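Read off the chains here:
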Amino acid sequence: MEHIVKKSKFLDLFIEVTQTITSCLDLDEVFDLIPKNLVKTLDIDAATIRLIDSSREKLILKAAYGLSDDYLNRGAIDTEEPVFKALQGEPIFIENAVEDSRIVYHEETKKEGINSILVVPISIRGRVEGVL
């Protein structure tokens, strides 16, 4: 039964995102919808979307849900190994973010109460364009 409920939540998320995409021209609204609904659907604490800028040299925060402004503005994360690997197309799971040597901002991560992190590449037409 739980499996059916989860599938239903994913379908509801897909429908809502699809409806938003097709009914509005405001990409920021679409970006804001995704992390907010992922948090609710996956029963997680927070989510962000970061996309590669036009120079393809740094990530730009496009949307976030469940994280403080202090944490979101902690500094560049482009060079953190998990993000770098995800930008190469490899999803990365970090079980203990506060103690993991691949995380640059340990104090900020601890203060935010983050235990684990999943960094997933966002691919568009076969090319990685950001991370979730």
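Our subject in this report is the structure included herewith. Here, residues in each chain are numbered from 1, in the same order as that chain's written sequence. Residues qualify for local features only when their pLDDT is at least 70, as the model is predicted, and side-chain atom pairs are given and counted only at 80 or more; totals for whole chains, interfaces and linings, by contrast, use all residues. Note that water and hydrogens are dropped before the side-chain values are worked out from all heavy atoms of the structure.

A few points about the environment of D28
Part 1 of the reasoning: Under the DSSP-based scheme used, a helix requires at least four consecutive residues in state H or I and a strand at least two consecutive residues in state E, with every element numbered from the N terminus. Tracing the sequence through the fold places D28 in helix α2 (residues 27-42).
Part 2 of the reasoning: The cut-offs for exposure are 20% and 50% of the maximum accessible area for each residue type, with area from a 1.4 Å probe on protein chains only; residues under the lower value are buried, those over the upper are exposed, and the others partly exposed. With a relative accessible area of 43%, D28 lands in the partly exposed category.
Part 3 of the reasoning: A sequence separation of 34 residues divides D28 from K62, and the C-alpha atoms of the two residues are 7.4 Å apart.

Concerning the nonpolar core
Part 1 of the reasoning: If you look at the biggest cluster of nonpolar residues, it comprises 17 residues, and the most contacted ones within it are I94, I114, I117 and V119.
Part 2 of the reasoning: Mapped onto this core, the elements with two or more residues apiece are α3 (69-72), α4 (81-87), β3 (92-94) and β4 (117-119).
Part 3 of the reasoning: With residues up to four places along the chain from it excluded, the contact list for I117 reads Y71, I92, F93, I94, A97 and I103. Side-chain atoms within 4.5 Å are what join buried Ala, Val, Leu, Ile, Met, Phe, Trp, Tyr and Cys residues into a set we call a nonpolar core. Contacts are residue-level and defined by heavy atoms, with any inter-residue pair within 4.5 Å sufficient.

Description of the side chain of R74
Part 1 of the reasoning: Structurally, R74 can be placed in the loop between α3 and α4.
Part 2 of the reasoning: Residues scored as charged are limited to Lys and Arg (positive) and Asp and Glu (negative), so that His and the chain ends carry no count. Any carboxyl oxygen of Asp or Glu that lies within 4 Å of a side-chain nitrogen of Lys or Arg is treated as forming a salt bridge with it. Lacking a salt bridge, the buried R74 has E80 as its closest oppositely charged neighbour, with an N-O distance of 4.8 Å.
Part 3 of the reasoning: Under the rule applied, a polar contact is a pair of N or O atoms within 3.5 Å (in protein, one hydrogen donor and one hydrogen acceptor; residues adjacent in sequence only if both atoms are side-chain atoms). Within the structure, R74 has its side chain in polar contact with the backbone oxygen of Y71 (distance 2.8 Å).
Part 4 of the reasoning: Sequence-distant contacts of R74, that is, excluding residues within four places in its chain, are made with R50, Y105 and E108.

Quick notes on the sheet that holds strand β2 (residues 59-65)
Part 1 of the reasoning: Taking strand neighbours across the sheet as the criterion, the four strands line up as β2-β1-β6-β5 in an open arrangement whose pairing is antiparallel. Two strands close off the open sheet at either side, each with one partner strand: β2 and β5 (121-124). Looking at each pair of strands side by side, their axes are set apart by 35 degrees on average, direction ignored.
Part 2 of the reasoning: Pairing between two strands is assigned when DSSP locates at least 2 bridges connecting them. Sheet topology note: the strand β1 (residues 47-52)/β2 ladder contains six bridges and is antiparallel. Opposite I49, over in β2, you have A63 as the bridge partner.
Part 3 of the reasoning: With axes taken as lines fitted to C-alpha atoms, and helix axes fitted only over the stretch in contact, angles between N-to-C directions fall between 0 and 180 degrees. In this fold α2 packs onto β1 and β2, with an angle of close to 55 degrees to the strand it touches most, β2.

Describing the pairing of β5
Part 1 of the reasoning: In this structure, β5 lies alongside strand β6 (residues 127-131), joined through four bridges in antiparallel fashion. Counterpart to S123 in the pairing with β6 is V128.
Part 2 of the reasoning: Here β5 hands over to β6 after two residues, with R125 in that stretch at a positive phi of 55 degrees.

Side note on the packing of aromatic side chains
Each aromatic ring pair is specified by the distance between its two centres and by the angle formed by the two planes.
Part 1 of the reasoning: Working definition: rings of Phe, Tyr and Trp (its six-membered ring) pair if their centres are within 6.5 Å, and the pair is stacked with planes under 30 degrees apart, edge-to-face with planes over 60 apart, and tilted otherwise. For the structure shown, the criterion picks out zero aromatic pairs.
Part 2 of the reasoning: Remark: a charge is flagged as sitting over a ring if the NZ atom of Lys or the CZ atom of Arg is within 6 Å of the ring centre and within 35 degrees of the ring normal. Over the face of the ring belonging to Y71 we find R74, whose NZ or CZ atom lies 3.9 Å from the ring centre.

Topic: the pattern of salt bridges
Part 1 of the reasoning: Counted by the stated rule, this structure contains three salt bridges.
Part 2 of the reasoning: One salt bridge connects R56 with E129, and the closest N-O pair in it is separated by 2.9 Å. Linking R56 in the loop between β1 and β2 with E129 in strand β6, this pair joins segments that are 73 residues apart in sequence.
Part 3 of the reasoning: A salt bridge links E129 to R127, with the nearest nitrogen and oxygen atoms 3.4 Å apart.
Part 4 of the reasoning: What you see here is one network of salt bridges that share partners, running through R56, R127 and E129.

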